[in-house]
Amino acid sequence: MRRLLCSAIAVAPLLLAGCAGSDSTDPAAMTDGDTTTAASSAASAAEQAGAQQATEFQYEGEFGPATWSSLSPQWGACADTSAQSPIDLHDAIPADLPALEFDYRPGDIALKNTTHTVQADETPGSEVVVDDSHFPLTQFHLHEPAEHELDGVRHDAELHLVHTADDGSITVVGVLIDKGAPNAALGNYFDELPAVDETAELDDFDPSQLLPTDRANVRYAGSLTTPPCTEGVQWIVMTTPVQASAEQLNEFRSVIEQNARPLQDQGSRSVLLDSEGH
Ligand SMILES: [Zn+2]
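Residues numbered from 1 in each chain as written. Predicted model: local features only at pLDDT ≥ 70, side-chain atom pairs only at ≥ 80, totals over all residues. Heavy atoms only, no water.

### Looking at the pattern of salt bridges
Inspection of the entire model under this criterion finds 5 salt bridges. One salt bridge connects Arg-253 with Glu-144, and the closest N-O pair in it is separated by 2.6 Å. Of the two residues, Arg-253 sits in helix α6 (residues 246-255) while Glu-144 sits in the loop between β9 (133-143) and β10 (149-150), which places them 109 residues apart along the sequence. A residue is classified by how much of its surface remains accessible, and Arg-253, at 39% relative accessible area, is partly exposed. For Glu-144, a relative accessible area of 11% gives the class buried. Here Asp-274 ties to Arg-219 by a salt bridge, and the two come within 2.8 Å at their closest N and O atoms. Linking Asp-274 in strand β17 (residues 272-274) with Arg-219 in strand β15 (residues 217-223), this pair joins segments that are 55 residues apart in sequence. Note on Asp-274: relative accessible area 5%, which makes it buried. Exposure remark for Arg-219: the relative accessible area of 6% places this residue in the buried category. (Salt bridge = Lys/Arg side-chain N within 4 Å of Asp/Glu carboxyl O. Helix = DSSP H or I, 4+ residues; strand = E, 2+ residues; numbered from the N terminus. Buried < 20%, exposed > 50% of the residue type's maximum accessible area, 1.4 Å probe, protein only.)

Set out below in structure tokens:
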């Protein structure tokens, strides 16, 4: 059996990133010459590795989203049907929501290809403030196509700005992207996309330019959209999409396979609308 295990320790605590092994991106490679099933091998490998290890996951095939909860004992939340993300954001209810303030500053960032996305690790200094709670920006990454739908519409891509407070609570800001004009703010990101196992550095990157001018947003309680599918995530999805060119999104697709988790059940959750964006 080839590498089913990955560097979960290195990606703690968010576990949004995944494995670094290039051969683990290919399901065929994982079962090549193997007499046991891939799933049972994965389970047994996870068992041997103990709680600190995580198993590879994929967006399609035998390690696809329907199997995530069974791939690791730590990923049970992925099977939950009441509090997972993404969802279709529809019929948002206008509400008087906690004040939202972005305090994003330029800084040097490191790009890393996790095989599931290209993740930009932020240097300290940027944060979002929701009411009086401070959530430092820890990383951002892209999904193509978008994961959330907005009123039944799936946009071409979705940026996730992940913020983690000192107490570990997570706020993710989603920015929907449509094909159109080149995205200047993400220009260097798309230009420097590293291959699997490689990294790149972007100097003086300004995350404030990633947000739409109109800060209207919808909010709901959800989860990480990748294993371990941790719940209790505060989602803030901007309702005004930004644009990126087809060439830019093609560049991303040339290093990352489609990486959108299917829509999850909304359950009894409400989607709330902050139409003013402040
Ligand atoms: Zn994401």
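Moving on from the coordinates now.
### Regarding the coordination of the zinc ion
Taken together, His-141 (NE2), His-143 (NE2) and His-160 (ND1) make up the protein donors of the zinc ion, found 2.0 to 2.1 Å from the metal. Binding-site remark: the zinc ion is held by donors from one chain whose sequence spacing is H-x1-H-x16-H. Of the two residues, His-143 sits in strand β9 while His-160 sits in strand β12 (residues 157-164), which places them 17 residues apart along the sequence. By relative accessible area, which is 2% here, His-143 ends up buried. Given the relative accessible area of 1%, His-160 is considered buried. (Donors = N, O, S within 2.8 Å, 3.2 Å for Na, K, Ca; no water.)

### Regarding the state of the cysteines
Taken as a whole and judged by the stated rule, the model has 1 disulfide. Here Cys-78 is linked by a disulfide to Cys-229, with a sulfur-sulfur distance of 2.1 Å. Across the S-S bond of Cys-78 and Cys-229 the torsion is about 90°, and the bridge reads as right-handed. Within this pair, whereas Cys-78 is found in the loop between α4 (68-71) and β3 (88-89), its partner Cys-229 is found in the loop between β15 and β16 (231-244), the two being separated by 151 residues in sequence. By relative accessible area, Cys-229 is classed as buried at 0%. (Disulfide = S-S within 2.5 Å.)

### Section: the sheet that holds β10
Sheet architecture is open: 3 strands sit in the order β3-β10-β11, paired in mixed fashion. At either margin of the open sheet sits one strand with a lone partner, and together these are β3 and β11 (153-154). For β3 and β10, the ladder comprises 2 bridges, and the chain directions are parallel. Residue Leu-89 lies in a different strand from β10, and its bridge partner there is Leu-150. (Pairing = 2+ DSSP bridges.)

### Observations regarding α6
Buried within α6 we find Gln-248, Leu-249 and Phe-252. Projected down its long axis, α6 carries its buried residues within an arc of 95°, all on one side. Facing away from the buried side of α6, by more than 90 degrees, are the exposed residues Glu-247 and Ser-254. Buried residues along α6 sit against β7 (118-121), β9, β12, β13 (170-179), α5 (187-191) and β16. (Arc of directions from axis to C-beta. Contact = heavy atoms within 4.5 Å.)

### So, the pairing of β15
Taking burial as the measure, the 7 residues of β15 include 6 buried ones, the bulk of the element. Pairing of β15 with β17, which is carried by 3 bridges, proceeds in the antiparallel orientation. Note that in β17 the partner of Asn-217 across the bridge is Asp-274.

### Some thoughts on the nonpolar core
Ranked by internal contacts, the top residues of the largest apolar core, which has 37 residues, are Phe-140, Leu-142, Leu-161, Leu-186, Tyr-189 and Phe-190. The contact partners of Phe-190, leaving out residues within four places of it in the chain, are Leu-142, Ala-244, Gln-248, Leu-249, Glu-251 and Phe-252. Counting residues in each nonpolar core, the second largest holds 15 residues, with Ala-146, Ile-170, Val-172 and Val-271 among its members. (Core = buried A, V, L, I, M, F, W, Y, C linked by side-chain atoms within 4.5 Å.)

### Some thoughts on a negative patch on the surface
Residues Asp-108, Glu-201, Asp-203 and Asp-204 make up a contiguous surface patch of negative charge. Considering every element that reaches the negative patch, the biggest residue donor is strand β14 (residues 199-205), with 3 residues. Looking at where Asp-203 falls in the secondary structure, it is placed in strand β14. In this structure Asp-203 comes out as exposed when scored by relative accessible area, which is 60%. (Patch = residues over 30% accessible without salt bridge, like charges linked within 9 Å, V, L, I, M, F, W, Y side chains within 5 Å. Areas by Shrake-Rupley, 256 points an atom, 1.4 Å probe, with all protein chains shown as cover. Lys, Arg positive; Asp, Glu negative; His and termini not counted. Charge placed at Lys NZ, Arg CZ, Asp CG, Glu CD.)

### Comments concerning the side chain of Gln-264
Following the sequence through the fold, Gln-264 ends up in the loop between α6 and β17. By relative accessible area, which is 18% here, Gln-264 ends up buried. Among the polar contacts listed, one links the side chain of Gln-264 to the side chain of Arg-261, at a separation of 3.5 Å. Only 2.9 Å separates the side chain of Gln-264 from the backbone oxygen of Pro-262, close enough to count as a polar contact. Once residues within four sequence positions are removed from consideration, Gln-264 is found in contact with Cys-78, Asp-80, Gln-84, Ser-85, Pro-86 and Ile-87. (Polar contact = N/O pair within 3.5 Å; in protein donor to acceptor, adjacent residues only side chain to side chain.)

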